[in-house]
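Residue-level structural notes
Residue strings, one per chain:
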Amino acid sequence: MYVAENFTDAEGDILRRYFTNLDQPTFALVNLPEVVKGALFARYSRSAKSLRRLFLDEFVGELDVSGDLGVDATIGLRRAEDLYDRVFFEYGDDSVAQLGGVHLACEQSSNLLTKVLEWGRLMSYLEQSTRYVAYDARLGGRYRYYRDPHILRSPHGTRYVADLDCMFESYSSALPVMNEHFRRLFPKSPGDSDFAHRQAVRAKSFDAVRGMLPAASLSNVGIYGSGQGYENLLLRMRAHPLPEVRSYADMMLTELRKVIPSFLKRVDIEDRGVAWSRYLRTTQEAMGELAESLFDGAGDTSAAPAVQLVDFDPQAEVKVVAGALYDHVGLPEGELRARARAMSAEDRLRVLRTYAGERGNRRHKPGRALESPCYRFEVLCDYGAFRDLQRHRMLTIQWQPLSVAHGYSMPEAVEAAGLAGLFDETMARSADLHETLAPRFPVGAAYAVTLAHRIRFVMQMNAREAMHLIELRSGTQGHPAYRHVAQEMHRLIETAAGHRAIAGMMSFADRSSEPELERLASERRAATRRRNAV
């Protein structure tokens, strides 16, 4: 299922000091400064290289590793085991497990698995970007998609490989066409370097054709989390209906136990972690059976808008005003809300404007008074945009199964470049394969669904998180698909909820139309930084 990397003996001698294995797709990083591990993961998200190869090619030459001779991370560590056993395992003090963290690389993960890995709120993730990495590069001589052994052993195995190969070939053939289309459409300005313009065009081309990739496409994910975070993640993964997720959990557990073994002792104990995972699995299965018995058809959903505000707090602005004043007066909250309700609209607006202050950029955010009201949105957008929006952790998100039922989104640029026929052909191939696999593999059939196919999900967030999401995702550098979602959220808060003052506090929300080259401004700034660093 996974392609093992090849290293020379000299490379292996170096890698064994810092990585818990040299041949598995998931491994922990040890014996490195935190800043190096963070920098590695940051570079990782925009590189086609594996983390170990990236470390050898771009990092090890900058480090003094002479003092690490004889260190071998692959044999595992038992630091403070007796203490952790006594405090954590015997007495059940979960807070101890919040204090030990691990950087873990998860490579060759399907796009279905990455969504499971990134579900938890209290962990940090960096995922390989479809905007910066060409997915037509092969791994071990094969296109980069997950080959589920259960599907491969079935009568549909040959077709699965043939169809996904064709989808990758279509993606590969579309890339140079899109590159040439955008080069003609957006010629280089005199002040831009060839490199900056080329990178911006390349990113826009990747954005335009990423929808042709299947959800089986492989990605690399870097995770940093506490022992408690990993325990919760593994318990969920061991209960998941997708075999890839369960087998990957076993590999992760093996590597994590080389670094934080005590924190993960409960995961596979029968009356602890096993019972917990069993509870999650049986409850999920029971709900699936009940839902099927109650709803015998999906109904007509074709008229549903792409973004809906399905619930909000009518008293939101009163609550924010009261919360903004709470720290500065000695009144109970109930009295403050009554006073805020009795204020004139002008006075409430004055409070909110003062609370927002003079924001210099989107990172200047007002305080926690904005956490009182909540908004619940339902979104129907392509799976590629969902992947980006799903990574916002400080909110509640639920999504329905990925399928071809809601159709797909074709970027206008693809049609303008003359690739509509190839795009439609790829979508049809995806849909046919999904429908063929679904009866026998109801969960695994999603591997065949493309990133252009739509998925329905709900996102519930307080106003402070809404400010963060909307201002970040509506920015001109963002992908048009999720920009539209963020812009609609901002419009609905202002109009459907009528919370004009709260919407006005989101002063860095960008409701402008699509820019010419989304990444050009960023590439210009990067070029300036490189020049100044010389």
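Before reading further, recall that the structure is shown in the block above.
Residues numbered from 1 in each chain as written. Predicted model: local features only at pLDDT ≥ 70, side-chain atom pairs only at ≥ 80, totals over all residues. Heavy atoms only, no water.

Focus on helix H17 (residues 420-437)
Note the cut-off: Under the scheme used here, helices are H or I runs from DSSP no shorter than 4 residues and strands are E runs no shorter than 2 residues, and both carry numbers assigned from the N terminus. Any helix carries an expected span of 1.5 Å times its number of residues minus one. Exposed residues in this analysis have more than 50% of their type's maximum accessible area, buried residues have under 20%, and partly exposed residues fall in between, with area computed by a 1.4 Å probe over protein chains only. Regarding the arc, it is the one traced by the directions from the helix axis to the C-beta atoms. In this analysis, two residues are considered to be in contact whenever any of their non-hydrogen atoms come within 4.5 Å of each other.
With 18 residues, H17 should reach 26 Å at 1.5 Å per residue; the first-to-last C-alpha distance of 26 Å fits that figure. Turning to H17, its buried residues are Ala 420, Phe 423, Thr 426, Met 427, Ser 430, Ala 431, Leu 433, His 434 and Leu 437. One side of H17 holds all its buried residues, which, seen down the axis, span an arc of 165°. Where H17 is buried, its residues touch helix H6 (149-152), helix H7 (157-185) and helix H16 (412-416).

A word on the packing of helix H12 (residues 316-326) against helix H13 (residues 333-342)
So the rule is basically this: Axes here refer to lines fitted to C-alpha atoms; in helices the fit is confined to the stretch in contact. Angles between the N-to-C directions go from 0 to 180 degrees. Any angle from 65 to 115 degrees is called roughly perpendicular, while one under 35 is roughly parallel, one over 145 is roughly antiparallel, and all others are oblique. Crossings are sorted by hand: turned counterclockwise from the far helix by less than a right angle, the near helix makes the crossing left-handed, and turned clockwise it makes it right-handed.
Packing of H12 against H13 leaves a shortest axis separation of 8 Å and a crossing angle of 125°. Considering the angle they form, H12 stands oblique to H13. Where H12 crosses over H13, the handedness of that crossing is right-handed. Across the interface between the two elements, Val 318, Lys 319, Val 321, Ala 322, Leu 325 and Tyr 326 of H12 pack against Glu 333, Leu 336, Arg 337, Ala 340 and Arg 341 of H13.

Observations concerning the sheet that holds strand S1 (residues 26-29)
Working definition: the strands of a sheet are paired by backbone hydrogen bonds and lie parallel or antiparallel to each other. Convention followed: Here the rule is simple: two strands pair whenever DSSP picks up at least two bridges between them.
If you walk across this open sheet you meet the four strands as S1-S2-S4-S3, and the pairing is antiparallel. Looking along the sheet, the strands with just one partner apiece sit at the ends: S1 and strand S3 (123-127). The sheet shows a mean angle of 20° between the axes of neighbouring strands, taken without regard to direction. Bridge count between strand S2 (residues 101-110) and strand S4 (residues 218-226): eight bridges; the pairing is antiparallel. Paired with Ser 110 across the strands is Leu 218, a residue of S4. Against the sheet, helix H2 (residues 34-44) engages S1, S2, S3 and S4, with an angle of about 20° to S2.

Some thoughts on the pattern of salt bridges
Oppositely charged side chains can pair when the atoms bearing their charge come close. The condition that has to hold: Here, a salt bridge means any side-chain nitrogen of Lys or Arg that lies within 4 Å of a carboxyl oxygen of Asp or Glu.
Using the criterion set out here, one finds 35 salt bridges in the structure. Here Asp 510 and Arg 483 are joined by a salt bridge, their closest N and O atoms 3.5 Å apart. You can see Asp 510 sitting in the loop between helix H20 (500-505) and helix H21 (520-533) and its partner Arg 483 sitting in helix H19 (residues 480-494), a full 27 residues away along the chain. We classify Asp 510 as partly exposed; its relative accessible area is 21%. The exposure class assigned to Arg 483 is buried, which follows from its relative accessible area of 3%. When the shortest N-O distance is used, the salt bridge between Glu 488 and Arg 491 registers 2.9 Å.

A look at empty space enclosed by the protein
Our working rule: Whether a set of points on the 1 Å grid over the protein atoms alone is a cavity depends on a 1.4 Å probe fitting there but being unable to get out, while an open set qualifies as a pocket with protein on both sides within 12 Å along at least five of seven lines; lining residues are those with an atom within 4 Å of a point. Grid points are joined across faces, edges and corners, and a volume is the space filled by probe spheres set on the points. Charged residues are taken to be Asp, Glu, Lys and Arg, nonpolar residues to be Ala, Val, Leu, Ile, Met, Phe, Trp, Tyr, Cys and Pro, and polar residues to be all remaining types, Gly included.
A full pass over the atoms with the stated rule returns two cavities of 30 Å³ or more. Of the voids in this model, the largest cavity is the one considered here, and its volume is about 60 Å³. What lines the largest cavity is simply Met 1, Val 3, Gln 108, Leu 139, Arg 142, Tyr 143, Arg 144, Tyr 145, Arg 147 and Leu 218. A class-by-class count of the residues in the lining of the largest cavity yields six nonpolar, one polar and three charged. When its volume is computed, the second largest cavity comes out at roughly 40 Å³. Surrounding the second largest cavity, Arg 131, Tyr 132, Gln 199, Arg 202, Ala 203, Phe 206 and Glu 523 form its lining.

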